[in-house]
Amino acid sequence: LAKTTQPISMDSYEGQEVNITCSHNNIATNDYITWYQQFPSQGPRFIIQGYKTKVTNEVASLFIPADRKSSTLSLPRVSLSDTAVYYCLVGGVSGGYNKLIFGAGTRLAVHP
Amino acid sequence: NAGVTQTPKFRILKIGQSMTLQCTQDMNHNYMYWYRQDPGMGLKLIYYSVGAGITDKGEVPNGYNVSRSTTEDFPLRLELAAPSQTSVYFCASILRGGNDEKLFFGSGTQLSVL
């Protein structure tokens, strides 16, 4: 199982770019990297997923270096509504391990 | 689609009581998961299922049981409730085997054992 390590918390201000890095040194060949966002009293929701290089969607970018031992979630121009806990999840696709185990997550606080 | 539906949303149990948390999904997902989340903490995997009739333990299975008789339903059973089981419980499902695999979560069940 690929264990993930993230910073426990981060602080930012509205309008800034936030980068959250996740370390996953023993990632397997079949593993994808997926990031989830969780607001208080809600279940996590999918943000972005990638396998290598860079992935961008309407809310975030995901940067994955060639060795895939880490990944960085980038949130452009954050607002107060981006205050949440962000989880990095490493899991296999079609043949990888079945247990999807979350790490402790990163608690992001966005200030005015 | 309703997605993943959990019932009840809130429940208070007395020590020693039992109950079943219901989870159903209408997305024809093959894999389903149960997580618990204690206040201020991350998600802990309780049990998971890779298909009807197949279940397996996660990180913290003690005190819980599951069954998966249909693709849609994945109930979680608490026997002899204890205060340590006070938590928020989330059910999730995912379609494994496609190109885009992502977990869909229910809205959670907040359980207090007093």
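Further up the page is the structure itself.
This structure is a prediction, so every number in the text was calculated from the model and none was measured.

Focus on the side chain of A:His24
All names here are of chain A. Within the element layout of this structure, His24 appears in the loop between β2 (18-23) and β3 (31-38). Assessed through its relative accessible area of 0%, His24 is described here as buried. Only 3.0 Å separates the side chain of His24 from the side chain of Ser71, close enough to count as a polar contact.

Comments concerning the pattern of salt bridges
Residue and element names in this part refer to chain B. The tally for this structure, following the rule as stated, stands at two salt bridges over all chains. Taking the shortest distance from any N to any O, the salt bridge between Arg36 and Asp38 comes out at 2.8 Å. Asp38 sits in the partly exposed class, given a relative accessible area of 29%. One salt bridge connects Glu79 with Arg77, and the closest N-O pair in it is separated by 3.1 Å. Here Glu79 falls in the partly exposed class, since its relative accessible area comes to 37%.

Cut-off values and rules
Residues numbered from 1 in each chain as written. Chains lettered and ligands numbered in written order. Predicted model: local features only at pLDDT ≥ 70, side-chain atom pairs only at ≥ 80, totals over all residues. Heavy atoms only, no water. Helix = DSSP H or I, 4+ residues; strand = E, 2+ residues; numbered from the N terminus. Buried < 20%, exposed > 50% of the residue type's maximum accessible area, 1.4 Å probe, protein only. Polar contact = N/O pair within 3.5 Å; in protein donor to acceptor, adjacent residues only side chain to side chain. Salt bridge = Lys/Arg side-chain N within 4 Å of Asp/Glu carboxyl O.

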